[in-house]
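# Geometric and topological summary
One-letter residues, chain by chain:
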Amino acid sequence: MQWPGSYCDTKDSSCCYPTTGKPASDFGIHGLWPNNNDGTYPSNCDPSNPYDESKISDLISRMQQDWPTLACPSNNGSSFWSHEWEKHGTCSESELDQHTYFETTLNLKNQILLLQILESAGIQADGNSYNLSSIQTAIENAVGYAPGIECNSDAGGNSQLYQVYFCVGPSGSNLIKCPVFPTASCASTIKFPSF
Ligand code: 5GP
């Protein structure tokens, strides 16, 4: 999951709100990515199975809410969802079909109420800095497994909370202990910008 405030306030790139409007002030989905236990991952596994939005028409309003794109130029989200399906979704060994892939990912987002978890621990998107360890501990205590935390830098070079990784089993629906974490990218205290 990605924090939109941290996607948007970096030095190198700005963000564009989707044509459907400014996303909620909440974590959004980035993607569900089949990974190997050593952290490598396959990509673009089945060119014969391209993104077909007609297969997920019943999910589009949930996607707009929970899986908003912030890339420029402003668009309706289809290119982000298409990229995620074609690069990552086509690689699931359990062969989740498109509808199952997107629905499973949406359900995970609703299962892990990340912003609420942080707020309950006094960690708010208020532009203040928090100890990385307190963020990790709050999430681990709530979900039962240590998350991966990825940071980026704001325009002033401050380390900030960008993405939070969780690991799931092959069905995509049960959380598991992560076999490996993303490479450390955070300072020991990190900013949680508003959005
Ligand atoms: P991935 O990390 O899933 O392999 O690739 C992410 C791709 O999706 C990038 O090419 C990026 O430009 C595009 N993209 C579109 N919208 C978003 C967004 O809101 N967040 C991120 N992280 N990438 C986005």
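In what follows, the structure referred to is the one given above.
Our subject in this report is the structure included herewith. (Residues numbered from 1 in each chain as written. Predicted model: local features only at pLDDT ≥ 70, side-chain atom pairs only at ≥ 80, totals over all residues. Heavy atoms only, no water.)

### Some thoughts on the pairing of strand β3 (residues 159-165)
- β3 sits mainly inside the fold: 6 of its 7 residues count as buried.
- In the sheet, strand β2 (residues 148-153) pairs with β3 via 6 bridges, with the strands oriented antiparallel. In the sheet register, I149 faces β3, and the bridge partner there is V164.
- The turn joining β2 and β3, which pair antiparallel and follow one another in sequence, is formed by 5 residues; a positive phi near 90 degrees is taken by G157. (Buried < 20%, exposed > 50% of the residue type's maximum accessible area, 1.4 Å probe, protein only. Helix = DSSP H or I, 4+ residues; strand = E, 2+ residues; numbered from the N terminus. Pairing = 2+ DSSP bridges.)

### Things to note about the nonpolar core
- Formed by 26 residues in total, the largest nonpolar core has its most connected members in F27, L118, I139, I149 and F192.
- Those elements giving two or more residues to this core turn out to be α5 (114-120), α6 (132-143), β2 and β3.
- Among the elements that line this core, the one with the most residues is α6, at 5 residues.
- Setting aside chain neighbours within four positions, we find I149 in contact with L132, I135, Q136, I139, L161, Q163, V164, S185, C186 and I190.
- Core analysis: the next-biggest nonpolar cluster, separate from the first, contains 16 residues, L32, Y51, I56 and F102 among them. (Core = buried A, V, L, I, M, F, W, Y, C linked by side-chain atoms within 4.5 Å. Contact = heavy atoms within 4.5 Å.)

### Re the site of the ligand
- Taken together, 14 residues surround the ligand, and among them Q2, T69, L70, E84 and K87 come closest.
- Between a nitrogen atom of the ligand and a side-chain N or O atom of Q2, the distance comes to 2.8 Å.
- Separating an oxygen atom of the ligand from a side-chain N or O atom of H88 is a distance of 3.1 Å.
- Protein contacts shield 73% of the accessible area of the ligand, which totals 500 Å² for the unbound molecule.
- Top element by residues in the shell around the ligand is helix α3 (residues 78-87). It accounts for 4 residues.
- Looking at the shell around the ligand residue by residue, the classes come out as 7 nonpolar, 5 polar and 2 charged. (Near = heavy atom within 4 Å. Polar contact = N/O pair within 3.5 Å; in protein donor to acceptor, adjacent residues only side chain to side chain. Areas by Shrake-Rupley, 256 points an atom, 1.4 Å probe, with all protein chains shown as cover. Nonpolar A, V, L, I, M, F, W, Y, C, P; charged D, E, K, R; others polar.)

### A few points about the state of the cysteines
- Within this structure, the stated rule accounts for 5 disulfides.
- There is a disulfide in this structure between C16 and C72, and the S-S distance comes to 2.0 Å. Residues C16 and C72 are joined by a disulfide whose S-S torsion is about 100 degrees; by sign, that bridge is right-handed. Placement of the pair is C16 in the loop between α1 (4-8) and α2 (60-66) and C72 in the loop between α2 and α3, with a sequence separation of 56 residues.
- Covalently, C167 is tied to C178 through a disulfide, its sulfur atoms 2.1 Å apart. Looking down the S-S bond of the C167 and C178 bridge, the torsion is 105 degrees, so its handedness is right-handed. On the criterion of sequence distance, the pair formed by C167 in strand β4 (residues 167-168) and C178 in the loop between β5 (175-176) and β6 (189-191) is long-range, its members being 11 residues apart.
- Assessed through its relative accessible area of 18%, C167 is described here as buried.
- The exposure class assigned to C178 is buried, which follows from its relative accessible area of 8%.
- Counting only the cysteines that take part in disulfides, in the order they occur along the protein chain, gives the pairing 1-2, 3-5, 4-6, 7-10, 8-9. (Disulfide = S-S within 2.5 Å.)

### Let's talk about the side chain of S159
- Relative to the helices and strands, S159 resides in strand β3.
- A polar side-chain atom of S159 sits 3.0 Å from the main-chain amide nitrogen of A187.

### Some words on helix α4 (residues 98-111)
- Over its 14 residues, α4 runs 20 Å from end to end, which matches the ideal 20 Å to within 8%, given 1.5 Å per residue.
- Taken residue by residue, α4 has Q98, Y101, F102, T104, T105, L106, L108 and K109 as its buried positions.
- Of the surrounding elements, those touching the buried residues of α4 are α2, α3 and β4. (Expected span 1.5 Å × (residues − 1).)

### Describing the packing of aromatic side chains
- All told, the structure shown has 11 aromatic pairs when counted by the stated rule.
- When the centroid spacing of 6.0 Å and the interplanar angle of 35 degrees are considered together, the rings of F27 and F192 count as tilted. With a gap of 165 residues between them, F27 in the loop between α1 and α2 and F192 in the segment after β6 connect regions that are remote in the sequence.
- Relative accessible area serves as the criterion here: at 2%, F27 is assigned to the buried category.
- Three or more aromatic residues joined by ring pairs form one cluster here, namely Y51, W67, W85, Y101 and F102.
- Sitting over the face of the ring of F195, K22 holds its NZ or CZ atom 4.5 Å from the ring centroid. (Phe/Tyr/Trp six-rings, centres within 6.5 Å; stacked < 30°, edge-to-face > 60°. Lys NZ or Arg CZ within 6 Å of the ring centre and 35° of its normal.)

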